[in-house]
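# Commentary on secondary and tertiary structure
The chain contents come next:
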Amino acid sequence: MAYTSLGFLAFLGIVILIYYLVPKKYQWAVLLTASYIFYLFSGVAQLAFILGTTAVTYFAALLMQKKRDAYKAELAAIGPEVTREQKQELKKAVGNKIRRVQFASVIAVLIVLAVVKYLNFAIESTNTVFNVLNIDAYLSPVEKMIVPLGISFYSFQAMGYLIDIGRGRYAAEKHFGRLALFLSFFPTIVQGPINRYGDLGVQFNKEHSFDYDNLKYGAQLMLWGFFKKMVIADRAAPAVTAIFSSNYADYNGSVYFFGMLMYALQIYCDFSGGIDIARGAAQTLGFNLPQNFERPYFSTSVADYWRRWHATLGAWMREYVFYPVMLSKPLTKISKALRKAGKAKLAKLVPSVVTPFVVFFLIGIWHGANWKYVAFGLYNATIVAGSVALAPVFKKTIEKLHINTEAFSWKLFTIVRTFLVLGISKILVKSPGLKAALHIIKSIFTEVDLDFVFGLDGKIFTFGIDEKNMFVLFVAVLILLGVSVLQENGMKMRETLAKQNIAFRWAVYFIALIFVLVFGVYGPAYNAADFIYGAY
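Treat the numbers as computed from the prediction; the structure is a model and nothing was measured. (Residues numbered from 1 in each chain as written. Predicted model: local features only at pLDDT ≥ 70, side-chain atom pairs only at ≥ 80, totals over all residues. Heavy atoms only, no water.)

### Description of the overall build of the protein chain
- A count of helical and extended segments in the protein chain gives 20 helices and zero strands.
- For the protein chain, whose C-alpha radius of gyration is 26 Å, the value lies close to the compact-globule estimate of 24 Å for 536 residues.
- Seen along its three principal axes, the alpha-carbon backbone of the protein chain occupies a region of about 85 × 70 × 60 Å.
- Split into buried and exposed, the 536 residues of the protein chain put 47% on the buried side. (Helix = DSSP H or I, 4+ residues; strand = E, 2+ residues; numbered from the N terminus. Rg over C-alpha atoms; globule rule 2.2 N^0.38 Å. Buried < 20%, exposed > 50% of the residue type's maximum accessible area, 1.4 Å probe, protein only.)

Take a look at the structure:
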């Protein structure tokens, strides 16, 4: 059931009505039932996967909680006579038991994710190695592999929850239904955001009364998401599909650059538009989901970009991968050895340079089972690690050139620079393959078609976007840019609009609705289900 379909709007309307009419103690049951009904639209077989993950997560968390409670009870039984050594010994023993359960349960969730998403990729890669080494062997890929809807998102939420319970961040959820709801909540299951239990899960334990402001603000956010997805992303899509196709070799560098711009526009409006719809739908039910996008194309560095783009994935990686790797024993030993050798600066630098490669390798492979995604991750890691390593050089250069880093011109330069650097990573992702990506990147720097750039040959309108649609796209992007600039400068759009006179407010609502209805991309070939990140 696509978020941009009339069926979803009708479904959401029915859920909202029942949710606020039933006794509040049963609200969680309404949402859980709705979430599983929503999930069943993707296939009955897929439901078994999320139920299995939920069961493993639930019972493992309870077992960890039971061991922690037993430790507390044993301390209480000993009483004030307990010595420091006894306490440390008991704590170490229970900590080891909890870590074993935590490790086993996280691995169980991870294995399911790895098998359904990466088994065939591993088989194909192994066959390639066999071929290169002239080994007479062949592994058959698994045909008709079921990849459950949103498995990357609910698996990451499950693993984050298990790690947090293991760390004692909060008590395990004893209600199976509420934990199941946390992992399957229908506004988030398709493409996130990735939630922490301490942020979203606890909200399911609260009663929610009907609130007109939540309904109003949620509907407005959904409308903004429809605008980004249906007016901009889906209008740019034909050009992206045409340029980054198997016929990519027919084009020159200027066409590729145009394709990169269109893809940057498409992927941002598709993903952030879907998130806006998800957050808006959740808000109509009284739930607050975290921001996942904060105007990433205004980023002044690649590191800044990844704090703004898919922010919940970045936060998950920081919490559960970046800091554990940076503080791991191997890197700590290397740092200590370098300090003893009198290389304090290098000792501090090594963990900061090595860790991004681990994180971005995982981010790359999370996006897809293909070597081009690995290249995408390693490219970003190289930029981030290089920026950290060369930071002193950059600082000295800026000082020598007397550059005013507070000036608008410098900020504009860093924004454009970052966008172009990240454009290369987008080409790595969208190209048919790694070889094609390298050809396209090379062509951008070596082939310039001025007739195409200035629109003299009319070829720009031959990639599925005619003159009229290009004009609509241009106007829509100007609206998006204007709103983004205002938000970047601290304006809260919905709250600001709410302070205006009623006639003005409703005129804006009506114009926005008409714009989406009239200029949204529809038609026989249109498939609203194709949110790009819905496949991850």
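### Overview of helix H6 (residues 176-184)
- For H6, the buried fraction is high: eight of the nine residues fall into the buried class.
- By the burial criterion, the buried members of H6 are Gly 177, Arg 178, Leu 179, Ala 180, Leu 181, Phe 182, Leu 183 and Ser 184.

### What to know about the pattern of salt bridges
- Evaluation of the coordinates by the stated rule reveals 11 salt bridges.
- Between Arg 196 and Asp 164 there is a salt bridge whose closest N-O contact spans 3.3 Å. Here Asp 164 lies in helix H5 (residues 151-167) and Arg 196 lies in the loop between H6 and helix H7 (212-243), a separation of 32 residues in the sequence.
- On the basis of relative accessibility, which here comes to 1%, the residue Asp 164 falls in the buried class.
- The network of salt bridges with common partners includes Asp 164, Arg 167, Arg 169, Arg 196 and Glu 319. (Salt bridge = Lys/Arg side-chain N within 4 Å of Asp/Glu carboxyl O.)

### Focus on the packing of H5 against H6
- Interaxial distance between H5 and H6 falls to 8 Å at its minimum, and their mutual angle equals 130°. When the axis of H5 is compared with that of H6, the two are oblique. Here Tyr 154, Gln 157, Ala 158 and Tyr 161 of H5 lie close against H6, whose contacting residues are Leu 179, Phe 182 and Leu 183. (Axes fitted to C-alpha atoms, helices over the stretch in contact; angles between N-to-C directions. Parallel < 35°, antiparallel > 145°, perpendicular 65-115°, else oblique. Contact = heavy atoms within 4.5 Å.)

### A short note on the environment of Val 44
- Among the structural elements, Val 44 can be located in helix H3 (residues 44-78).
- You can call Val 44 exposed: its relative accessible area is 63%.
- A C-alpha to C-alpha distance of 28 Å links Val 44 and Ser 272, two positions 228 residues apart in sequence.

### Digging into the confidence of the model for the protein chain
- When the pLDDT values of the protein chain are averaged, the result is 92; 97% of them are 70 or greater.
- Ranking the elements of the protein chain by mean pLDDT puts helix H17 (residues 450-453) last with 88 and H6 first with 97.
- When the criterion is pLDDT under 50, residues 523-529 qualifies, and its contacts beyond four places in sequence or with other chains add up to eight contacts. (pLDDT = per-residue confidence, 0-100.)

### Quick notes on the packing of helix H2 (residues 27-40) against H6
- Two numbers describe how H2 lies on H6: the axes approach to 9 Å, and their chain directions differ by 45°. As far as their axial angle goes, H6 and H2 are oblique. Crossing of H2 over H6 shows left-handed handedness. Taking contact as the criterion, the partners of Trp 28, Leu 31, Leu 32, Ser 35 and Tyr 36 in H2 are, on H6, Gly 177, Arg 178, Ala 180, Leu 181 and Ser 184.
- Considered class by class, the residues forming the contact of H2 with H6 number six nonpolar, three polar and one charged. (Left-handed = near helix turned anticlockwise from the far one by under 90°. Nonpolar A, V, L, I, M, F, W, Y, C, P; charged D, E, K, R; others polar.)

### Some words on the packing of aromatic side chains
- As enumerated under the stated definition, the model contains 47 aromatic pairs in all.
- Taken together, the ring pairs connect Tyr 3, Phe 8, Phe 11, Tyr 19, Tyr 20, Phe 38, Phe 185, Phe 186, Phe 204, Phe 210 and Phe 287 into an aromatic cluster.
- Of note, Lys 117 hangs over the ring of Trp 366, and the distance from its end group to the ring centre comes to 5.8 Å.
- Its guanidinium or amino end placed over the ring of Trp 309, Lys 426 lies 5.0 Å from that ring's centre, counting from NZ or CZ. (Phe/Tyr/Trp six-rings, centres within 6.5 Å; stacked < 30°, edge-to-face > 60°. Lys NZ or Arg CZ within 6 Å of the ring centre and 35° of its normal.)

### Overview of a nonpolar patch on the surface
- A contiguous nonpolar patch, built from Phe 257, Leu 261, Phe 408, Leu 412, Val 416 and Leu 420 and spanning about 530 Å² of accessible area, is present on the exposed surface.
- Counting residues per element, the ones that place at least two in the nonpolar patch are helix H8 (253-284) and helix H15 (408-430).
- At four residues, H15 tops the list of elements feeding residues into the nonpolar patch.
- Relative to the assigned elements, Leu 412 resides in helix H15.
- Residue Leu 412 is classed as partly exposed on the basis of its relative accessible area, which comes to 41%. (Patch = residues over 30% accessible without salt bridge, like charges linked within 9 Å, V, L, I, M, F, W, Y side chains within 5 Å. Areas by Shrake-Rupley, 256 points an atom, 1.4 Å probe, with all protein chains shown as cover.)

### Some remarks on unusual backbone geometry
- Each neighbour pair has its own omega, and for Gly 192 with Pro 193 the value is 5°, a cis peptide bond.
- Locating Pro 193 in the fold gives a position in the loop between H6 and H7.
- Notably, Asn 134 is not glycine yet its phi reads approximately 55°, a positive angle.
- By the secondary structure assignment, Asn 134 is in the loop between helix H4 (84-132) and H5.
- Here Asn 134 falls in the exposed class, since its relative accessible area comes to 72%.
- Even without glycine at this site, His 402 takes up a positive phi of about 55°.
- With respect to the helices and strands, the residue His 402 is situated in the loop between helix H14 (391-400) and H15.
- Judged by its relative accessible area of 72%, His 402 is exposed.

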